[in-house]
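Now for the letters of each chain:
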Amino acid sequence: GAVVSQHPSRVICKSGTSVKIECRSLDFQATTMFWYRQFPKQSLMLMATSNEGSKATYEQGVEKDKFLINHASLTLSTLTVTSAHPEDSSFYICSAFGGTDTQYFGPGTRLTVL
Amino acid sequence: KQEVTQIPAALSVPEGENLVLNCSFTDSAIYNLQWFRQDPGKGLTSLLLIQSSQREQTSGRLNASLDKSSGRSTLYIAASQPGDSATYLCAVRETYKYIFGTGTRLKVLA
């Protein structure tokens, strides 16, 4: 079946640094990808919709300059957390929509900002 | 704005019990509804997907129903096992994006 990968699976960084998370669709082309974040013991909250070749669409309350999204190809979307702070520590999950009725979710990336 | 709620928030049952998890959503204009399982610190595992035109889906010991008009879905787990312990999330699809519920943390005691 379709597989979506994320890299890295875990990352620890110092406050003020930027962190890039990759989301790849391994065996299908994804015209649209989605980025979610999950705080401990809470549900997933949609952050933004990433469209190949165009600007991402951010949900209300999500800072686009803080969370930079690039969807440069049909198999790769990246989320960059700029000038990360401890409150950005979270579990980030991407999903890929390849035009079928099923979205495929990545395994997630645990970000810890010290 | 679509809101998805799951009841109960947490559930602890002895092994072997049949149980029902509930999911409700405020806007019935959905494409489909999906149930997921999430183990601690892990990603999502898709369990069942119900299209908006369907009433239920079954996979092994799991059965999910959908009543779109009333904005409700249930996940039925038969003969629960300790390995079923996890957080269960329902999510409704609107156009291309999913709105997730608040989750039910299930613990099945041996």
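Residues numbered from 1 in each chain as written. Chains lettered and ligands numbered in written order. Predicted model: local features only at pLDDT ≥ 70, side-chain atom pairs only at ≥ 80, totals over all residues. Heavy atoms only, no water.

### Notes on the sheet that holds strand β1 (residues 4–7) of chain A
All names here are of chain A.
Move 1: On the basis of which strands lie adjacent, the open sheet formed by four strands has the order β1-β3-β8-β7 and antiparallel pairing. Strand pairing shows two members of the sheet lacking a second neighbour, β1 and β7 (67–73), which therefore form its edges. Neighbouring strand axes in the sheet, compared pairwise and without regard to direction, differ in orientation by 15° on average.
Move 2: Where strand β3 (residues 19–25) lies against strand β8 (residues 76–81), six bridges are found, and the strand directions are antiparallel. Among the inter-strand pairings, cysteine 23 is bridged to a residue of β8, identified as serine 77. (Pairing = 2+ DSSP bridges. Helix = DSSP H or I, 4+ residues; strand = E, 2+ residues; numbered from the N terminus. Axes fitted to C-alpha atoms, helices over the stretch in contact; angles between N-to-C directions.)

### Examining the packing of aromatic side chains
Move 1: If you walk through the whole model with that rule in mind, you get eight aromatic pairs over all chains.
Move 2: In this structure an aromatic cluster arises from ring pairing among A:Tyr36, A:Phe105, B:Phe36, B:Tyr98 and B:Phe100.
Move 3: The ring of B:Tyr31 is capped by B:Arg93, whose NZ or CZ atom sits 5.0 Å from the centre of that ring. (Phe/Tyr/Trp six-rings, centres within 6.5 Å; stacked < 30°, edge-to-face > 60°. Lys NZ or Arg CZ within 6 Å of the ring centre and 35° of its normal.)

### Some points on the state of the cysteines
Move 1: If you walk through the whole model with that rule in mind, you get two disulfides over all chains.
Move 2: For A:Cys23, the disulfide goes to A:Cys94, at an S-S distance of 2.0 Å. Linking A:Cys23 and A:Cys94, the disulfide has an S-S dihedral of approximately 80° and is accordingly described as right-handed. Taken together, the positions of A:Cys23 in strand β3 and A:Cys94 in strand β9 (residues 90–97) put the pair 71 residues apart, joining distant regions of the chain. Taken as a pair, A:Cys23 and A:Cys94 share a single burial class, namely buried.
Move 3: Paired through a disulfide, B:Cys23 and B:Cys90 show a sulfur-sulfur distance of 2.0 Å. (Disulfide = S-S within 2.5 Å. Buried < 20%, exposed > 50% of the residue type's maximum accessible area, 1.4 Å probe, protein only.)

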